[in-house]
Amino acid sequence: MNRNWIRVAGVGVGLVLGGVGIALMRWKRKRLADLAAGSELVTTDRGVVEVARQGSGYPVLFLHGDPGGYDQALGAGGALFGTDVELVAPSRPGYLRTPLGDNGSLDGQAALLVALLDELEIERAVVVGLSGGGPIALQIAADYPDRVSGLVLVSAITTEIDERMFDVGNPIVDPLLTSTPVLDVQSGVVTALRRFAPDTLVSMLHSELSTLEGPELAAYVESIKTDPHLRQRSLDLVPTVLPASARIDGTLNDERWFRELPNVSYESIDCPTLVVHGEFDGAVPIDHAESVVEAIPDAQFVRLEADHSILASPDATRAREAIRTFTESVTASSEPTAL
């Protein structure tokens, strides 16, 4: 009798796991199809780039973080600018449908994105670097000063950092941790949390992104969860890193290069620059902002009462107003000219 129950239980577990696996595959297939439908592939002389565009006006090249993709740039850029600018949101090399290829280095990424501007017939743009997009934004400003009318760094990495999101630096363990099945299961769990326990996920997200602890952290998270707009902004961020398996090549590549920063002389950057950073950013410490502000001549610095996700923080309005005001000032004195 006991053996029969064990067999029945085994069959039941197998059916459950099989059902979960099928559901996970269907979710991933639909997610990737939706992402592909929202972007286009542009062939440049440096390679193929996935990009989405929205709005009209002065061009803003928005560079996502890691992990990320064009969808993250489009979401954050839309929250900042609406449709008042021509938002150009590419997937950087190794993310979604932009191949890593030979463009993984910081100068290679910069060259690829400038080639994208060429194909889109954009001579000059405001360049925004979000989090892990910061080093590439800085690279473009240093290497192609005639293509950058203004530089905005948002919670941006600027100096050496050794953070591993998916691997641990072990050549035996890492292939398993970064394998597609493991990453897809992780992505499925996060997706399930977003649907069935959203407040729990919001709490987990901001706890990871903040240096606050104890009662201060609890009060901060509560202020976000009780504000419908900030709560939704937090939840909207989550899909822009999923599925992780479609973004892993770019993430691992970025993390490798970020251990060797800075890659260019920030003192050489002479375009108008705005740096916006959260005081208690737990993902990219505030000293990243302080060091680049000290290096770039006349850089403006807006220090926020926020964690890493400033657009989902109680100080989001001040961040948005500062970035919009800066961009309007830059674009008013720099009319774009088509190539």
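Note that the coordinates shown come from a computational prediction; the quantities given were computed from them, not determined experimentally. (Residues numbered from 1 in each chain as written. Predicted model: local features only at pLDDT ≥ 70, side-chain atom pairs only at ≥ 80, totals over all residues. Heavy atoms only, no water.)

Engineer: What exactly am I supposed to notice about the sheet that holds strand E2 (residues 47-54) here?
Structural biologist: Pairing between the strands of a sheet comes from backbone hydrogen bonds, and it takes one of two forms, parallel or antiparallel. Within the open sheet, the 8 strands sit side by side as E1-E2-E4-E3-E5-E6-E7-E8. Their pairing is mixed. Strand pairing shows two members of the sheet lacking a second neighbour, strand E1 (40-44) and strand E8 (300-304), which therefore form its edges. The mean inter-strand angle of the sheet, taken between neighbouring strand axes irrespective of direction, is 25°. With 4 bridges joining them, strand E6 (residues 148-154) and strand E7 (residues 273-278) adopt parallel strand pairing. Bridged to Val 154 within E7 is Val 276. The strands that helix H11 (residues 287-295) touches are E6, E7 and E8; relative to E7, the one it contacts most, it runs at about 160°. (Pairing = 2+ DSSP bridges. Helix = DSSP H or I, 4+ residues; strand = E, 2+ residues; numbered from the N terminus. Axes fitted to C-alpha atoms, helices over the stretch in contact; angles between N-to-C directions. Contact = heavy atoms within 4.5 Å.)

Engineer: Which parts of the structure should I look at to understand the environment of Ser 203?
Structural biologist: Turning to its location among the elements, Ser 203 is positioned in helix H7 (residues 198-208). For the pair Ser 203 and Leu 217, spaced 14 residues apart in the sequence, the C-alpha separation amounts to 9.4 Å. In this view, Ser 203 contacts Val 221 and Lys 225; residues no more than four positions away in its chain are not counted.

Engineer: Is there a simple way to think about the packing of helix H8 (residues 214-225) against helix H9 (residues 228-237) in this case?
Structural biologist: For the pair H8 and H9, the least separation of the axes is 6 Å and the interaxial angle reads 95°. For the element pair H8 / H9, the angle class is roughly perpendicular. The segment H8 lies against H9, with Ser 223, Ile 224 and Lys 225 engaging Leu 230, Arg 231 and Ser 234. When grouped by side-chain class, the residues that make up the contact of H8 with H9 number 2 nonpolar, 2 polar and 2 charged. (Parallel < 35°, antiparallel > 145°, perpendicular 65-115°, else oblique. Nonpolar A, V, L, I, M, F, W, Y, C, P; charged D, E, K, R; others polar.)

Engineer: What should I look at first to understand the side chain of Ser 91 in this one?
Structural biologist: Structurally, Ser 91 can be placed in the loop between strand E4 (86-90) and helix H3 (106-119). Judged by its relative accessible area of 0%, Ser 91 is buried. Here Glu 50 takes part through its side chain, which lies 2.8 Å from a polar atom of the side chain of Ser 91. The contact partners of Ser 91, leaving out residues within four places of it in the chain, are Val 49, Glu 50, His 64, Gly 69, Tyr 70, Leu 96 and Thr 98. (Buried < 20%, exposed > 50% of the residue type's maximum accessible area, 1.4 Å probe, protein only. Polar contact = N/O pair within 3.5 Å; in protein donor to acceptor, adjacent residues only side chain to side chain.)

Fair warning: the whole summary comes from geometry, so function is off the table for now.
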